[in-house]
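Structural overview for review
Take a look at the letters that make up each chain.
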Amino acid sequence: MLVYLSDWLSLIIRWFHVIAGVAWIGASFYFVWLDNNLREPPAWKKQKGIKGDLWAIHGGGFYEVAKYEVGPEQMPTDLHWFKWEAYSTLMSGLALLFVVYYLGNPGYLIDPSKLDLSAAGAMAIGISTLLGVMVIYEALIRSPLSRNGMAFGVVLYLILVAVAFGLYQVFAGRGAYIHVGAVIGTIMVANVFLGIVPAQRALVNAVARGEKPGEEVVMLAQRAMLRSRHNNYLTLPVLFIMISNHYPMFYANAYGWAVLAAIGAITAYARHFFNLRNQGQFKPSILVVSALATVALIWAMAPSAPARIDSHASEEGTAVSRVADADISQLLATHCQACHAVKPTSPAFQAPPAGIVLDSLEHLKQHRDKVYQAAVATQYMPLGNMTGITPEERDLLGKWLQENP
Ligand code: HEC
């Protein structure tokens, strides 16, 4: 019952998290687009202090958007702030981290072959990593390093790669991945909370007092710009990490942290193309290099065992010794059925994960391609190898699948 209810809870929070994230990132994409598409306004608007102008049509009506050089003469009574989108994304993300990873299925987070952590120990490492990296980032952005955008970017990248590497040594792949994503997400929300919103507040206060923004307000605004730029570069990797949780070929890869480092570098570089183009520089070579690097990554990650079952191989070598059905039934019972049963005995699951039931050889055949991929080629099943399957048993399973098309 508890698992059933916690599945509901995780679904509802995840749903909310995705909606909040869409609202946050959607709004920030929209404003980046807006800034890049503002046109020179007519003279009468310039006189009012408007520096850019844009017309759009959406949802059956015309919209006229204007951006002020500093601010309007009078503070509008209703001023919309974009901040709760970011805060609610973080809060629902943290809630999910608890429901799914800290209090939920330990197999996602703890891999005894890496480090035999207790649930509390894993949680302590996870939370302190989130906080620790945020504190380091906040210290750096207040340091002289923030005056050199490029150097800052490189240092930030190296820190995140080190975090990915470190987490990979202590957590199961999936838990390590989600924590890198959570670290980046926390930095991004802290950017809003600790930098961007205070800078906006200072500007609003100056305009409300009818003053021209002073030096301090300008400095805050400049630093907020840098934070905004970081968020802009971090968006694509963080979204990648969130969806990669459905692709064990990434997180269950022995070098999953390096894969993440490569993806981070490629997406940030590709993002650079669009940012440069918005500044009027057109460098398509950046996209070509990014595409080539992606192809290289796909090649480097390819599983060493054949990714598909080669059914013909068995016909040639017939009558050598076939794998006994009874051995495979036994293997499924020992290594898979705790989870992949109509009613799993593993306390972590209420229903068979991924909808895959492996309670008979017939059912095994139904899922042969997926099982081959999961348990033989990429070896991310059994989850965290909690049931201790041996390489010999994997070979046996692979051979049986070949012999029984
Ligand atoms: C401790 C529980 C557990 C055990 C034991 C386990 N699995 Fe899984 N299995 C899962 C979970 C959880 C998922 C869903 C993974 C995801 O969505 O990231 C899954 C998914 C799968 C999938 C679908 C993968 C996909 O990409 O769609 C296959 C196939 C699979 N398991 C096969 C096996 C086989 C074969 C065994 C035994 C050798 C096994 N599993 C043992 C928990 C388990």
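Just so you know, these numbers come straight off a predicted model, no measurement behind them.

A word on the overall build of the chain. Across its full length, the chain holds 15 helices and 2 strands. Buried residues in the chain amount to 40% of all 405 residues. Once local pairs closer than 6 in sequence are excluded, the contacts in the chain between residues at least 24 apart make up 65%. With an accessible surface of roughly 23,000 Å², the chain has 65% of that area assigned to carbon and sulfur atoms. Here the chain holds 29 positive side-chain charges and 27 negative ones, and the gap between their average locations is 10 Å.

Let's shift gears to helix α6 (residues 173-208). Spanning 36 residues, α6 covers 51 Å between terminal C-alpha atoms, matching the ideal 52 Å at 1.5 Å per step. The sharpest bend along α6 comes to roughly 35°, located at Val 192. Of all 36 residues making up α6, 27 are buried, and the element is well covered by its neighbours. Gly 210 occupies a position one or two residues after α6 and carries a positive phi of about 70°.

Attention now moves to the coordination of the iron atom of the ligand. Distances from the iron atom of the ligand to its protein donors, His 340 (NE2) and Met 381 (SD), fall within 2.0 to 2.2 Å. Residue classification places His 340 among the buried residues on the basis of a relative accessible area of 11%. With a relative accessible area of 24%, Met 381 lands in the partly exposed category.

As a further point, take the pattern of salt bridges. Tallied over the full model, the rule gives 8 salt bridges. We note a salt bridge from Glu 64 to Lys 45, for which the minimum N-O separation is 2.3 Å. Of this pair, Glu 64 sits in strand β2 (residues 61-68) while Lys 45 sits in helix α2 (residues 43-47), and the two are 19 residues apart along the sequence. Each of the salt bridges in this network shares a partner with another, and the network as a whole consists of Lys 45, Asp 53 and Glu 64.

With that settled, the discussion passes to the UniProt feature "transmembrane region" (unreviewed entry) in the chain. This chain's UniProt record puts "transmembrane region" (unreviewed entry) on residues 12-33, 84-103, 115-137, 149-171, 177-199, 231-248, 254-274 and 286-302. Between the C-alpha atoms that bound residues 115-137 there is a distance of 27 Å. The span itself is 83% helix and 0% strand.

In terms of domains, the chain is made up of domain 1 (2-33 + 81-301), domain 2 (38-72) and domain 3 (312-403). Computed over C-alpha atoms only, the centres of domain 2 and domain 3 are separated by 63 Å.

Rules behind the numbers
- Residues numbered from 1 in each chain as written.
- Predicted model: local features only at pLDDT ≥ 70, side-chain atom pairs only at ≥ 80, totals over all residues.
- Heavy atoms only, no water.
- Helix = DSSP H or I, 4+ residues; strand = E, 2+ residues; numbered from the N terminus.
- Buried < 20%, exposed > 50% of the residue type's maximum accessible area, 1.4 Å probe, protein only.
- Contact = heavy atoms within 4.5 Å.
- Areas by Shrake-Rupley, 256 points an atom, 1.4 Å probe, with all protein chains shown as cover.
- Lys, Arg positive; Asp, Glu negative; His and termini not counted.
- Charge placed at Lys NZ, Arg CZ, Asp CG, Glu CD.
- Expected span 1.5 Å × (residues − 1).
- Bend = angle between axes of the 7 residues up to and from the residue.
- Donors = N, O, S within 2.8 Å, 3.2 Å for Na, K, Ca; no water.
- Salt bridge = Lys/Arg side-chain N within 4 Å of Asp/Glu carboxyl O.
- UniProt positions renumbered as here; feature names shortened; annotations may be inferred.
- Domains from an automatic or database assignment.

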